[in-house]
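Observations on chain architecture
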Amino acid sequence: MNTPKAGLLFIVGFLLLAGLSLGAQQSPGPGISIPLGYEGADLDTLRAREEFRIGVQAYNRYSYNEAILSMERALAFRPGEPLILDWLGRAYYRSGIENAAFRAWQAASAAYGLGTGPGILVASRMETLRNRRSLLPVPDDEVRYVESGGFPSRDGEIIFYGQPSAILTQDDGSAWVVAFGSNEIVRIDPNGIIRERRRGPLVGFDRPYDLVRGIDGRLFLSEFRGNRISVLSPAGDWLYHIGSRGQGPGQLMGPQNLTVDQEGYLYVVDYGNRRISKFDPNGTFILSFGQRAPGFQGFVSPTGIIARGERIYIADNILRAIYIFDQNGNYLGPLVTEGLESPESLRLLSDGRILGVDSNRILLIDPDSAIIRELGLLGNPSRVRITGAEMDSNGNVLAADFQSGEVSVMTRIDDMAAGLFVEITRVVSDNFPLVTVELEVSDRLRRPVMGLDARNFLLSEGGIPVREQNFLSAGYRAESADLAILIERSPATAALGEDLAAAVRDIDSAAGRVLSIISAAEQPIREDPASAQGATPAARLASAARGSAASYSPRWSFDLALRLAATDLLGGSKKRAVVFVGAGAPPGSPFSLGDLAFEHYSIAELSAYLTNNNVAFYAIIVGGGLPGREVSYLAEETGGQVISLYRSEGIIPVIQAIGQRSSGSYTLSYRSSLPTDFGRNYLPLEAEVYLMERSGRDSTGYFPPLE
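Residues numbered from 1 in each chain as written. Predicted model: local features only at pLDDT ≥ 70, side-chain atom pairs only at ≥ 80, totals over all residues. Heavy atoms only, no water.

**With respect to the overall build of the protein**
Looking only at helices and strands, the protein has 14 helices and 40 strands in total. Compactness check: the protein gives a C-alpha radius of gyration of 28 Å against a globular reference of 27 Å for 707 residues, within 12% of the reference. Within the protein, buried positions represent 57% of all 707 residues. Nonlocal contacts in the protein, meaning residues at least 24 apart in sequence, comprise 60% of its contacts between residues at least 6 apart. Roughly 27,800 Å² of accessible area belongs to the protein as shown, and the carbon and sulfur atoms make up 51% of that amount. Mean positive and mean negative side-chain charge positions of the protein (66 and 81 charges, respectively) differ by 3 Å. (Helix = DSSP H or I, 4+ residues; strand = E, 2+ residues; numbered from the N terminus. Rg over C-alpha atoms; globule rule 2.2 N^0.38 Å. Buried < 20%, exposed > 50% of the residue type's maximum accessible area, 1.4 Å probe, protein only. Contact = heavy atoms within 4.5 Å. Areas by Shrake-Rupley, 256 points an atom, 1.4 Å probe, with all protein chains shown as cover. Lys, Arg positive; Asp, Glu negative; His and termini not counted. Charge placed at Lys NZ, Arg CZ, Asp CG, Glu CD.)

**A word on the sheet that holds strand β14 (residues 275–279)**
The sheet built from four strands is open, its strands ordered β12-β13-β14-β15 with antiparallel pairing. Every interior strand has two partners, whereas the edge strands, β12 (255–260) and β15 (285–289), have only one. Ignoring which end each strand starts from, the neighbouring axes of this sheet average 20° apart. Strand direction decides the pairing type here: β14 and β15, joined by four bridges, are antiparallel. Bridged to I276 within β15 is F289. (Pairing = 2+ DSSP bridges. Axes fitted to C-alpha atoms, helices over the stretch in contact; angles between N-to-C directions.)

**As for the side chain of E390**
By the secondary structure assignment, E390 is in strand β24 (residues 386–391). Assessed through its relative accessible area of 12%, E390 is described here as buried. A distance of 2.6 Å separates a polar atom in the side chain of E390 from the backbone nitrogen of T169. Within the structure, E390 has its side chain in polar contact with the side chain of R347 (distance 2.9 Å). Contacts of E390, omitting those with residues within four sequence positions, involve I167, L168, T169, R347, L355, N396, V397 and L398. (Polar contact = N/O pair within 3.5 Å; in protein donor to acceptor, adjacent residues only side chain to side chain.)

**Regarding the confidence of the model for the protein**
When pLDDT is averaged along the protein, the result is 89; 92% of the residues meet or exceed 70. Note on residues 1–40: pLDDT under 50 across the span, and 88 contacts to partners over four residues away in sequence or across chains. (pLDDT = per-residue confidence, 0-100.)

**Structural notes on the pattern of salt bridges**
Per the stated rule, a full pass over the model turns up 40 salt bridges. The salt bridge partner of D86 is R125, with a shortest N-O separation of 3.0 Å. Here R125 lies in helix α6 (residues 117–130) and D86 lies in helix α4 (residues 82–94), a separation of 39 residues in the sequence. Its relative accessible area of 7% is what places D86 among the buried residues. In this structure R125 comes out as buried when scored by relative accessible area, which is 9%. (Salt bridge = Lys/Arg side-chain N within 4 Å of Asp/Glu carboxyl O.)

**Topic: the packing of helix α2 (residues 43–59) against α4**
Where α2 meets α4, the axes come as close as 11 Å, and the angle between the chain directions of the two elements is 30°. For the element pair α2 / α4, the angle class is roughly parallel. Crossing geometry of α2 relative to α4 is assigned as left-handed. Between α2 and α4, the residues in contact are F52, V56 and Y59 and L83, I84, W87, R90, A91 and R94, respectively. (Parallel < 35°, antiparallel > 145°, perpendicular 65-115°, else oblique. Left-handed = near helix turned anticlockwise from the far one by under 90°.)

**Side note on the side chain of R361**
For R361, the position within the fold is in strand β22 (residues 361–365). Overall, the relative accessible area of 17% leaves R361 in the buried class. A distance of 2.8 Å separates a polar side-chain atom of R361 from the backbone oxygen of G339. Reaching out from R361, the side chain makes a polar contact with the side chain of D358 at a distance of 2.5 Å.

**As for the sheet that holds strand β20 (residues 343–348)**
Across the sheet, four strands lie side by side as β20-β21-β22-β23; this open sheet has antiparallel pairing. Each edge of the sheet is formed by a strand with only one pairing partner; in this case those strands are β20 and β23 (372–377). For this sheet the average axis-to-axis angle between neighbouring strands, irrespective of direction, equals 25°.

**Quick word on the environment of I517**
Tracing the sequence through the fold places I517 in strand β33 (residues 513–520). Its relative accessible area of 3% is what places I517 among the buried residues. A sequence separation of 33 residues divides I517 from A484, and the C-alpha atoms of the two residues are 5.9 Å apart. If we ignore the near neighbours within four places in the chain, the residues touching I517 are I485, I487, V504, I525, R526, E527, P529 and L541.

**What about the packing of helix α5 (residues 98–112) against α6?**
Where α5 meets α6, the axes come as close as 8 Å, and the angle between the chain directions of the two elements is 150°. With respect to α6, the axis of α5 lies roughly antiparallel. α6 is crossed by α5, and the crossing has left-handed handedness. Each of F102, W105, Q106, S109 and Y112 in α5 lies in contact with α6, whose residues at this interface are P118, G119, V122, A123, R125, M126, L129 and R130. A class-by-class count of the residues in the contact of α5 with α6 yields eight nonpolar, three polar and two charged. (Nonpolar A, V, L, I, M, F, W, Y, C, P; charged D, E, K, R; others polar.)

**Structural notes on α4**
Turn by turn, an α-helix covers 3.6 residues, leaving residues three or four places apart pointing in a common direction. A rise of 1.5 Å per residue sets the reference length of α4, with its 13 residues, at 18 Å; its end C-alpha atoms lie 18 Å apart and thus fit the reference within 8%. Across the 13 residues that make up α4, a large majority, 13, are buried. (Expected span 1.5 Å × (residues − 1).)

So, in structure tokens, the structure goes:
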């Protein structure tokens, strides 16, 4: 991890204090950087400063519309003031009105000066936001990955782990590393710190090779020399063994790579027997395949394996090819027979493509077209042998170099250049001088960066590191989500009261907290289950879900109701979602939200409001309708999902999974040492974030309480 440069921070802080501070104790001069009450201050300056103070405080209360009005009034008194323009852009951005935010930031950048620290920071923010394309860690077709760091296996004579053979990433940014040479699995966080070790049962693991996760969260670990599969709990604790040494059904000789299909069946590369063995989720042997068959010569050296849908893809590093089988072991033909040197591990990405390793190369393989693209190279092939690689939750590729004995971190080359995107989203100073800071950390595509801790952050006031900096919480650690339920009150749902009630009951039973139930009527209504009719809480909840007959109207308002539902979530958990319950699109129509759905806010503004405040949109379709384009668009743009209430699996698993969403939110606190002038000074704050060779920063300010 890089060491923060205090000198750079001092320069940034000096610029902030010298050119931006609305409350610093300076001599009278141009702009509005004259302290409130300073003798000789003109009336417009005083009015601008007061409106600015009100706007900043409204912003930190999530009252973005109020903040916009105050900043606009402040600009009326002091046109062109860059700091006010900067804050106006922040308020518009959080409110989802991105075009206005960019116009304000463009004006702020020009007023600051494009060569100044604040001007560069605003310009960088705009460029990063323009590049936002994806919510998921999936490689783009024309981007290469380069080595950006690694997890050393030793420090001098001290050995941390030996001969990594495979990687299994976790949702919190950490990864399990299978250490073949030291007979263990170790969990390493994004800073390269080993957090846990697991060495198996009393007899220990015997040359562990690959690790995969079952659909129920259990882990399966192959033991090459032990000729067995260890079944572990989701936390890595050993439970029991599958298989034994031999050539018979269910027996193994040197098991290596593993995969689990969509039904939970486990497939084992039985290397010594040159075959694939299939087991059910409980470890019962089902069948073996991969021997000589019509059209297939049989495996010589099977290595990587991955299940995708109903197909199983298997690599052979001597035949230099990848072959396709169905779930019953029937040979379907080759996928790739050219362009490979020594293929090994295969891993499935979230978009359905395959991440493969081939000697010292990381490959992206499209199983639909058989097109192979080289994502990146790791060292010299004579000194590097990658046996396993996987993409982590931060969008990096972690590669296990078996030959050198280390795990390398490979990052998109444009991410290396752009660094981290850091936003100070809120400053709470109610208990001043104790100040609480909320930040968002993401990459250039706005994908959240997870797994950070106290060592990754540096807060400063005017270039001087703050006192008593404390790391309070990380959003990715939250185990549940906050939800707001939004119910369509159109004529189409008026006859679906029992379906609405069933949907709300299931959402409530699966959710961490339901903060509000909003009726999308002609004017949005907050339903109060406590005051609804019914003898039991469940009955009152069902009554609130049905609503009153008067609330149903052809003029029902979707946009205002969605804004209200999302706003109710802003002060809660960093994992949050609006769950819309609606009738879907009628037959023959691609739209489902009515003619007045976007009367006040466009669909782009609604999407931006949700996305910029990290609120996901989910939709539950009741009745016989299909998802409309608008609903599908909002779900796709915010990382949500659209499902039917009547699907065989039910809606509860999807609602529960919201609590597993990624989050790049972090909360810190510190003790300020700046003078407040009885709460009238605008106090500067800078935040820098470091992760290996990447860094990012943001600067802002706040007002302490008036005394």
